Amino acid sequence: MSDVVPELEPYYLPLDGLDGSRFFATFSTTGPWFADAQHVGPPTALIVRALERCDPRDGTQLSRITVEVLGPVPAGEVAVTAAVERPGKNIELLAAEVSAGGRPVLRARAWRLAQGDTAAVASGEEPPIPGPEHGVERPERPPGWLPGFMDTLEWRWVRGWLGEPGPGTAWARQKVQLVAGEEPSPLQRLAVVADSGNGAAAPFDIREWLYVNTELTLHLHRAPAGEWMGVDAHTVVGPTGLGTVSGHLFDERGHCGRSAQGLIVRPR
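Below: a short report on this structure. Note that the structure is predicted; figures quoted are calculated from it, not measured. (Residues numbered from 1 in each chain as written. Predicted model: local features only at pLDDT ≥ 70, side-chain atom pairs only at ≥ 80, totals over all residues. Heavy atoms only, no water.)

**Overview of the overall build of the protein chain**
Okay, step 1: Within the protein chain, the secondary structure is distributed over three helices and 13 strands.
Okay, step 2: Taken over C-alpha atoms, the radius of gyration comes to 18 Å for the protein chain, in line with the 18 Å a tight globule of 268 residues would show.
Okay, step 3: Across its three principal axes, the protein chain shows a C-alpha extent of roughly 50 × 45 × 40 Å.
Okay, step 4: The buried share of the protein chain, taken over its 268 residues, is 51%.
Okay, step 5: Relative to all contacts within the protein chain whose residues are 6 or more apart in sequence, the contacts with residues 24 or more apart total 65%.
Okay, step 6: Entry remark: accessible area of the protein chain is about 12100 Å², with carbon and sulfur atoms responsible for 54%.
Okay, step 7: Of the side chains in the protein chain, 24 bear a positive and 33 a negative charge, and the two mean positions are spaced by 4 Å. (Helix = DSSP H or I, 4+ residues; strand = E, 2+ residues; numbered from the N terminus. Rg over C-alpha atoms; globule rule 2.2 N^0.38 Å. Buried < 20%, exposed > 50% of the residue type's maximum accessible area, 1.4 Å probe, protein only. Contact = heavy atoms within 4.5 Å. Areas by Shrake-Rupley, 256 points an atom, 1.4 Å probe, with all protein chains shown as cover. Lys, Arg positive; Asp, Glu negative; His and termini not counted. Charge placed at Lys NZ, Arg CZ, Asp CG, Glu CD.)

**A closer look at the side chain of aspartate 251**
Okay, step 1: Relative to the helices and strands, aspartate 251 resides in strand β12 (residues 242-251).
Okay, step 2: Separated by 2.9 Å, the side chain of aspartate 251 and the backbone nitrogen of arginine 253 make a polar contact. (Polar contact = N/O pair within 3.5 Å; in protein donor to acceptor, adjacent residues only side chain to side chain.)

**Comments concerning unusual backbone geometry**
Outside of glycine, negative phi angles account for most residues, and trans bonds account for most peptide bonds.
Okay, step 1: For aspartate 55, which is not glycine, the phi torsion reads 40° and is therefore positive.
Okay, step 2: With respect to the element layout, aspartate 55 can be found in the loop between α1 (41-52) and β3 (60-69).
Okay, step 3: Overall, aspartate 55 belongs to the exposed group, its relative accessible area being 53%.

**Looking at the pairing of strand β9 (residues 164-174)**
Okay, step 1: Bridging between strand β8 (residues 153-161) and β9 involves seven bridges; their strand directions are antiparallel. Residue pairing in the sheet places glutamate 154 in a bridge with arginine 173 of β9.
Okay, step 2: A loop of two residues connects β8 with β9, the two strands running antiparallel in sequence.
Okay, step 3: By the bridge criterion, five bridges tie β9 to strand β11 (residues 229-237) in an arrangement that is antiparallel. Looking at the pairing, threonine 169 lines up with aspartate 232 of β11. (Pairing = 2+ DSSP bridges.)

**Points about the pattern of salt bridges**
Okay, step 1: A full pass over the atoms with the stated rule returns 21 salt bridges.
Okay, step 2: With a closest N to O distance of 2.8 Å, arginine 112 and glutamate 92 form a salt bridge. Here arginine 112 is found in strand β6 (residues 103-114), whereas its partner glutamate 92 is found in strand β5 (residues 91-100), with 20 residues between them in sequence. Comparing arginine 112 with glutamate 92 shows no difference in burial state: the two are buried.
Okay, step 3: Linking arginine 189 and glutamate 183 is a salt bridge whose minimum nitrogen-to-oxygen distance equals 3.6 Å. (Salt bridge = Lys/Arg side-chain N within 4 Å of Asp/Glu carboxyl O.)

**What to know about the environment of alanine 225**
Okay, step 1: Residue position: alanine 225 is located in the loop between β10 (209-220) and β11.
Okay, step 2: Leaving out residues up to four positions away in the same chain, alanine 225 has contacts with Pro186, Asp251 and Arg253.

**A few points about α1**
Okay, step 1: Along its 12 residues, α1 runs 16 Å from first to last C-alpha, staying within 8% of the 16 Å computed at 1.5 Å per residue.
Okay, step 2: Among the 12 residues in α1, 11 count as buried, and that is most of the element. (Expected span 1.5 Å × (residues − 1).)

**Looking at the packing of aromatic side chains**
Okay, step 1: Inspection of every chain in the model, using the stated rule, returns five aromatic pairs.
Okay, step 2: Seen in terms of ring centroids, tryptophan 155 and tryptophan 157 are 5.4 Å apart; in terms of plane orientation they differ by 15°. Their pairing is stacked.
Okay, step 3: Judged by relative accessible area, which is 4%, tryptophan 155 ranks as buried.
Okay, step 4: The exposure class assigned to tryptophan 157 is buried, which follows from its relative accessible area of 3%.
Okay, step 5: Above the plane of the ring of tryptophan 161 lies arginine 138, whose end atom (NZ or CZ) is 3.6 Å from the centre. (Phe/Tyr/Trp six-rings, centres within 6.5 Å; stacked < 30°, edge-to-face > 60°. Lys NZ or Arg CZ within 6 Å of the ring centre and 35° of its normal.)

Quick look at the structure:
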């Protein structure tokens, strides 16, 4: 298989305009495992975009987002929808879905909460990690990692690397837009990087093992800001083919949330 990387495009091309629900997923979305399937980071960010645009209200914030992976997310045409499932003045539950070929491939639930003023008592954040200017730039892909999505991020490594089994701490910044014609929001950028936790903390050689996530959950104690997003991730693999990934999420201001992924682990 050729390792030549085509010119990078935005992750998605809108098929019905920026306010539409249909998008074309480009080569830039394809993940390291399979050449015809998307990395879950871009469609998760597309879900976040739909949630952010779903009956928005000032003074509210998405605090928890869980995305269930119902199956491989193919490149090509996808559709995304979002709705308020449980309305409320202070607490709302939102639902979103990505479908492809007439079937759902991702489903999400998100809590949107009213903001309050707790600045005087804010506490408990993880210590900040060294900023991206202190990380090691490593643009190459490890052997066996397919081109596409991994090439759309500018990586700066504080600890570990994609090809080094074990915990990893990395910063990443998108080189491409999420949707052609608009700049991604900081939360969209964070979603893309958060789903790379199992790559940043890769437990095994990708040529010998599959360790794909069945879901992704983000818990946020404040809204992220900026373009650089960091993840400090650790993977645990149990004795029965299951694993978990736990991550702390950062922007250049510091700690902003946590991520979790469940893994199915199998030999290739």
